[in-house]
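Observations on the three-dimensional arrangement
Below, each chain spelled out in residue letters.
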Amino acid sequence: MVEAVPEHINFPAEEEKILKFWNEHDCFQNSLKQSKGKPRYAFYDGPPFATGLPHYGHILAGTIKDIVTRYAHHSGFHVDRRFGWDCHGLPVEYEIDKTLGIKGPEDVAKMGIAEYNKQCRSIVMRYSADWENIVNRLGRWIDFKNDYKTLYPWFMESVWWVFKQLYDKGFVYKGFKVMPYSTGCHTPLSNFEASQNYKDTIDPAVIINFPLDEDPKVKMIAWTTTPWTLPSNLALCVHPDMDYVKVRDTKTEEIYILMKNRLISLYKEETEYEILDTFKGKTLFGKGYQPLFPYFAQMKSTGAFRIMCDTYVTDDSGTGVVHQAPFFGADDYRICTSNGIVAKDGLPVCPVDASGKFTDEVKDFAGVYVKDADKLICRHLKGTNRLVHQSTTKHNYPFCWRSETPLLYKAVPSWFIRVENITKQLLENNAKTYWVPNFVKEKRFANWLRDAHDWAVSRNRYWGTPIPLWVSEDFEEIVCIGSIEELEQLSGVKVTDLHRESVDGITIPSRLGKGVLRRISEVFDCWFESGSMPYAQMHYPFENKKEFEDSFPAHFIAEGIDQTRGWFYTLLVLSTALFGKPPFQNLIVNGLVLASDGQKMSKRKKNYPDPIKVVHAYGADALRLYLINSPVVRAENLRFQENGVRDILKDVFLPWYNAYRFFVQNVIRLQKEEGIEFKYKEDDLGSSDNIMDKWILSSIQSLVLYVKKEMKAYHLYTVVPRLVKFVDLLTNWYVRSNRKRLKGDGGPEDCQKALQTLYSVLYTMIREMSPFTPFLTEHMYQNLKKVLKSKENAESIHYLMFPDANEKLINVEIERAVSRMQTVIELGRIIRDRNTMPIKYPLPEVVIIHKSKEYLDDVASLERYVSEELNVRKITTSSDKDKYEVSLRAQPDHMILGKRLKGEFKQVSAEIAKLSSQQVEDYLQKGSIEIGGHQLGEGDLRIIYHFESASGDAPSKYAAHSDNDVLVLLDVTPDPSMIDEGVAREIVNRIQKLRKKAKLVPTDEVTAFFDVSSTNEYITKVANSHAEFISSLIKSPFISYPVPVIADVIIEETVTLKGTEMGIALVSGHVDAETDGLPQPACKYVNVEVSQNGVYAGKLSVLLENPKGCPVITNPRQFKTVFTKLYFNSNPVLLQSEKENGPFAPVNGGIIMVDIAKLTNTAPGSADGIFAAEPPRVRVKLDLNYASTRPELPSPACSYVNVKFVPNSKEAKSSVGSVLLDNPPGRNELDLQQLTQECSLLFGLKKTQTKLFAESKCTQEIKDMNGLHASTVYVKSV
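Predicted model only: the values in this text are computed from it and were never measured.

What counts and what doesn't
- Residues numbered from 1 in each chain as written.
- Predicted model: local features only at pLDDT ≥ 70, side-chain atom pairs only at ≥ 80, totals over all residues.
- Heavy atoms only, no water.
- Helix = DSSP H or I, 4+ residues; strand = E, 2+ residues; numbered from the N terminus.
- Rg over C-alpha atoms; globule rule 2.2 N^0.38 Å.
- Buried < 20%, exposed > 50% of the residue type's maximum accessible area, 1.4 Å probe, protein only.
- Contact = heavy atoms within 4.5 Å.
- Areas by Shrake-Rupley, 256 points an atom, 1.4 Å probe, with all protein chains shown as cover.
- Lys, Arg positive; Asp, Glu negative; His and termini not counted.
- Charge placed at Lys NZ, Arg CZ, Asp CG, Glu CD.
- Core = buried A, V, L, I, M, F, W, Y, C linked by side-chain atoms within 4.5 Å.
- Pairing = 2+ DSSP bridges.
- Phe/Tyr/Trp six-rings, centres within 6.5 Å; stacked < 30°, edge-to-face > 60°.
- Lys NZ or Arg CZ within 6 Å of the ring centre and 35° of its normal.
- Axes fitted to C-alpha atoms, helices over the stretch in contact; angles between N-to-C directions.
- Salt bridge = Lys/Arg side-chain N within 4 Å of Asp/Glu carboxyl O.
- Polar contact = N/O pair within 3.5 Å; in protein donor to acceptor, adjacent residues only side chain to side chain.
- pLDDT = per-residue confidence, 0-100.
- Arc of directions from axis to C-beta.

With that settled, the discussion passes to the overall build of the protein. Across its full length, the protein holds 38 helices and 47 strands. At 45 Å, the protein has a C-alpha radius of gyration far larger than the 33 Å of a compact globule built from 1278 residues. For the protein, the spread of C-alpha atoms along the three principal axes comes to 155 × 90 × 65 Å. For the protein, with 1278 residues in total, the buried portion stands at 55%. Considering only intrachain contacts with a sequence separation of at least 6, the fraction spanning at least 24 residues in the protein is 74%. When the accessible surface of the protein is split by element, carbon and sulfur atoms take 49% of a total near 57,300 Å². When the 157 positive and 162 negative side-chain charges of the protein are each reduced to one mean point, those points stand 2 Å apart.

Structure below.
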């Protein structure tokens, strides 16, 4: 039997319970054990750094990976999921440099590499525990215990093996290359690292003159944004085929040469210069000029300081003359080496050290950081009359992705992997892979591959995998080591760690008589390690050789779009070079998650909410679904909005949860009211004749087919919206239209069919959604599985296979019909909204107009649902639009067309207004229309439905709306009876809201009492005339005030209806208006009929509790004591009798027969013989059997009032009691003062002055006892 489900759910708290359940039952590992032996699905997890906490980018990629790998498991595969850690490289070293204040290599040398690496090792897993907690909290199932770290010796050994394969195949060489260089990290970066962090920055823009040797009065002028490179200038370059001009500056009389198309770079007006000559750039080739600085002037004798030609010079910026500093620019280096200005094996002209400061070669600026030297250099050039013009420019410039310092392009010696000679193979292997979305593969990534350069894999750093090259001093002998064993064989030294401190001191004897070979100082770029992870994570080829080769390439990987030039690239380069094939088969690329303002998320700016706080507020499932159901899974960017996560709860999870809760409620109701225990019977599916049952079963099976097809194509961006949409279909269409059936209104058999249908849909749905929302589906499953057969009852939903579609249940005709019905209903709702007509108010008619008979027949077959959902009395279908005098008009979309047409908008708008109804209809069918020479498409025009009334100026009774396919007309002129019904439904709405506020469940029986302000007779009339209608909707009695004081009031409030106050009270149980509503004491009581030795002697009343709920009599002995005190008006000696401590449970309002025996000392002359003058010795006999009955219309024997205590703010809560005004009847009557005292005693107010009032607001004080019998008196302390 399912367990009851609370109305409200705290999603994050429930997720914590599920996490505990998973951990206690080791669900992830158990799922892996269960899938052992199944086909393997290989997945690679790109390793993050653990030096910082996860951000939304990590969460997004992790969610995509978790969904796909969970789905693969549910589809019958075994999926190993190992977490990996990137432990080496700049991120770690940069943190240590900041902490220890390390400024350059000399500081590391002082402390020693061993100590430096020890410091790096100490922080490398700083946040690993946080990562594990956060990843687990997000519901991702991945193995942290069997992880891989790039610092593990076995991982590093496989990296050595990869490099040795490349070395042996001739891919490795040492070169001298201009590369992006990080002065903050003192190391070169690869091109793809350099492309990761471009920023808009403002730099100086200067034009410098270079006097020609042949005529110093004629000066070449060149433009640059890097003045710091000018001390290293060795040449100039012009375009050979473009026109250049010699001009005279009319203001300064200086003569300059520059590109004709770039005169605008220096002059604004033609009057500012005079053209003296025009010629092609190639005529300048070979001409010499005077050096800017003397630092390298000696190179003029070897061919420097000449003008070169190359077609890379453009006419879109600068002067068309480019200054050449060959060791600070890739093109500069290419041009200068090809023209003999510098030699590849010569000494570099590179006067900048590892920290970006000028060396002593540039004596005027030695020790100055190059960017800081820009101003000094410009000042110097101005002083030597070489500065022509100075300004600034804003441009996109690369910054170091780790240190955030501007990159310099600088020539450094590096070890390279040849990539340029395998470009064709890279493109071929890329074509064999499947990317989602495809355009990233075909455009962004393919373009990057076409322009790929040789990969510089060496870094002049310390904390990384050492490059395993041992060389002689002259580099003539090189040995590449591919394993720990090989190193031991060649050196005689066995190592257990491969970091620099362990291997740098190891030497290998030379085979060529060159002494000993020593390891080069460089370490691998950490991207080389991450690109090697497919092999290194399995310690291939040293272990797991077969397992790796059987599962390579991977079935699936996923990361952000920024990895197209990072991990995706390095994976492909290495797998192509090693095995000639791609490293993966399928890839999902996600976009970037940005702050809500579109800026990059920044911890410094605090422009995004903490992910963990979001999870604690809304739950991991909500965050997962928000990210996955967004453009970011199509490689577009997402502006993160926290309210978007909240909306997932509101729009998806709560409706879904409520549908599940509604099912559980009605299963419990079925058991409680009908005695039928619900058990799921899959074989019975499809037996229901109800069309909505058939529709929802068909829809869920169609969804299963769709999800399988799209997940096979890795289309998360199509799957998730359909799943979310289905939640709406289930909650807002199926459950809504079948509430009465599910509640049992159609009888037990029909109810069970509806419940079987709803269970099937919920059970299928949670299995479909489990990869996406693992927590909520597990939460529901743990309850829903209780009605499954034991053999189908798995411990966790994540052990189950993805459901197979039952295609016998698919009925496309019914799905089509319901879809059309939904369209009609939605259009009708829009009309109601536009006309401010709530759905509670019935309307006379809806007309559905469509040309297709099939369409109209589909809607007509479901007209009951249309009638209920739109609350209309009549449904008409027609294919004749003209019959209803509907015409179409068009209006321009001012925002769209106004912006596009500008000055012509007014004229086109006038033409649009002239369009006939037929022309507008043609536009709707074709999707476009030409007006005034402009082609207008979908969305450019707004369509208005206009009614041509037959009676001239009289408005039409219809309002219309269309989706450009079907036209819906709604008669918006209700008659008075419909308005009355609408008001009655408003009353129902207020009652149901009160039920919800009181947290009542459907099986709670209540009675609704109402009281309408006397100022509104209309509301009173509607409430009374529609009482039976209201009662049928709320399934409870609906009775006018007053509420019986004896009633157990659950909740009582005053609500507003049509501007009128209306009191509503809900009391426990079903009250009979004809009997239970009669005046009664608030407290339980009995009437006592007295006889003396069998002769009737009178009657009185006894209260069994007072105040209400506080019993004063619980056994026969207590009753006799109270009775005899009342009867004799004294305390007689009560003789013991039998069963005085036995059960005592008389019916409220019942009668107890009492016989008094052996009376002594009876008072003579007593009026009725009841009261005695002295305490007698008596024996009292009770007839308790008679006490179990009561008269049909019971009432107390005595007069009474009910009293209600009205507390002040600091006093206890309100309570109710009763006071007997006389007892026996007509005797011992209380006056007002005595009544007040009795009320004070009843509520414990002996020391407090109290007053009595006639109404609850305590404004009408009671002045006398007239008419108080059977009324309610309100007691208040004053």
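Moving on, we get to the nonpolar core. Of all hydrophobic cores here, the largest spans 136 residues; its most connected members are Leu623, Phe653, Trp656, Phe663 and Leu730. In terms of residue count, the dominant contributor to this core is helix 22 (residues 642–674) (14 residues). Beyond its immediate chain neighbours, meaning those up to four positions away, Leu730 contacts Ala659, Ile696, Val735, Leu758, Val761, Leu762 and Met765. Grouped together as the second largest cluster of nonpolar side chains are 78 residues, Phe155, Val159, Trp448 and Val503 included.

With that settled, the discussion passes to the pairing of strand 30 (residues 928–931). Where burial is concerned, the two faces of strand 30 differ: the one with Ile929 and Ile931 is buried and the one with Ser928 and Glu930 is not. Across four bridges, strand 30 lies against strand 31 (residues 934–937) in antiparallel orientation. By the bridge assignment, Glu930 is partnered in strand 31 with Gln935. As consecutive antiparallel partners, strand 30 and strand 31 are separated by two residues, and within that stretch Gly932 has a phi angle of approximately 60°, a positive value.

Here the focus is the packing of aromatic side chains. For any pair of aromatic rings, the description rests on two quantities: the centre-to-centre distance and the angle between the ring planes. According to the stated counting rule, one finds 64 aromatic pairs in the structure shown. The interplanar angle of 5° and the centroid separation of 6.4 Å between the aromatic rings of Phe1119 and Phe1123 together place this pair among those described as stacked. Of this pair, Phe1119 and Phe1123 both sit in helix 37 (residues 1116–1128), four residues apart, which is roughly one turn of the helix. Across the pair, exposure class does not vary: Phe1119 and Phe1123 are buried alike. One Lys or Arg, Lys410, reaches over the ring of Tyr181 and ends 4.5 Å from the middle of that ring. Looking at Arg767, its charged tip hangs above the ring of Tyr763, at a distance of 4.1 Å from the centre.

With nine of nine residues buried, helix 21 (residues 620–628) lies mostly within the body of the structure. Buried residues of helix 21: Ala620, Asp621, Ala622, Leu623, Arg624, Leu625, Tyr626, Leu627 and Ile628, and no others.

Once that is clear, we can look at the sheet that holds strand 45 (residues 1215–1220). Read from one edge of the open sheet, four strands run 45-44-47-46, paired in mixed fashion. Two strands close off the open sheet at either side, each with one partner strand: strand 45 and strand 46 (1250–1253). This sheet shows a mean twist of 30° between the axes of neighbouring strands, independent of strand direction. In this structure, strand 46 lies alongside strand 47 (residues 1272–1277), joined through four bridges in antiparallel fashion. Each bridged residue has a counterpart across the sheet, and for Phe1253 the counterpart in strand 47 is Tyr1274.

Let us now look at the sheet that holds strand 4 (residues 187–188). Across the sheet, which stays open at both edges, the four strands sit in the order 4-3-14-16 with antiparallel pairing between neighbours. Both edges of this open sheet fall to strand 4 and strand 16 (455–456), since each of them pairs with a single strand only. Note: strand 3 (residues 172–182) against strand 14 (residues 408–417), ten bridges, orientation antiparallel. Across the sheet, Lys177 pairs through a bridge with Val412, a residue of strand 14.

Our next topic: the pattern of salt bridges. Here the structure, examined in full by the defined rule, presents 63 salt bridges. Notably, a salt bridge pairs Asp550 with Lys546, separated by 2.6 Å at the nearest N-O pair. With Asp550 and Lys546 both in helix 18 (residues 545–550), this residue pair falls four residues apart, about one helical turn. The residues Asp550 and Lys546 share a single accessibility class, namely exposed. Across the pair Arg646 and Asp647 runs a salt bridge whose closest N-O atoms are separated by 3.9 Å.

What follows deals with the side chain of Thr731. Turning to its location among the elements, Thr731 is positioned in helix 24 (residues 716–737). With a relative accessible area of 11%, Thr731 lands in the buried category. One polar contact links the side chain of Thr731 to the main-chain carbonyl oxygen of Val727, over a distance of 2.8 Å. If sequence neighbours within four positions are ignored, Thr731 has contacts with Pro655, Trp656, Ala659 and Arg736.

Before going further, it helps to examine the confidence of the model for the protein. Taken over all residues, the pLDDT of the protein has a mean of 87, while the share at 70 or more is 93%. Counting interchain partners and residues more than four positions distant, the pLDDT-below-50 stretch residues 1161–1173 has 23 contacts.

Here the amide bond leading from Phe552 into Pro553 is cis, since omega sits at 5°, within 30 degrees of zero. As for its placement among the helices and strands, Pro553 is situated in the loop between helix 18 and strand 23 (554–560). Pro1224 follows Asn1223 through a cis peptide bond whose omega is -5°. If you trace the backbone, Pro1224 turns up in the loop between strand 45 and helix 38 (1232–1242). Here Asp26, not a glycine, exhibits a phi torsion of approximately 50°, which is positive. Structurally, the position occupied by Asp26 is in the loop between helix 1 (11–25) and helix 2 (27–35). A relative accessible area of 39% places Asp26 in the partly exposed class. Positioned with a positive phi, Asn1228 is a non-glycine residue whose angle comes to about 55°. With respect to the helices and strands, Asn1228 occurs in the loop between strand 45 and helix 38.

Looking now at helix 6 (residues 113–123). Working note: α-helix, 3.6 residues per turn, so residues spaced by three or four point in the same direction. Of the positions making up helix 6, those classed as buried are Tyr116, Asn117, Cys120 and Ile123. Take helix 6 and look down its axis: the buried residues cluster within an arc of 125°, on one side only. Exposed positions of helix 6 whose direction lies more than 90 degrees from the buried face are Lys118 and Ser122. Looking at the buried positions of helix 6, the neighbouring elements they touch are helix 4 (90–100), helix 5 (105–111) and helix 15 (500–503).

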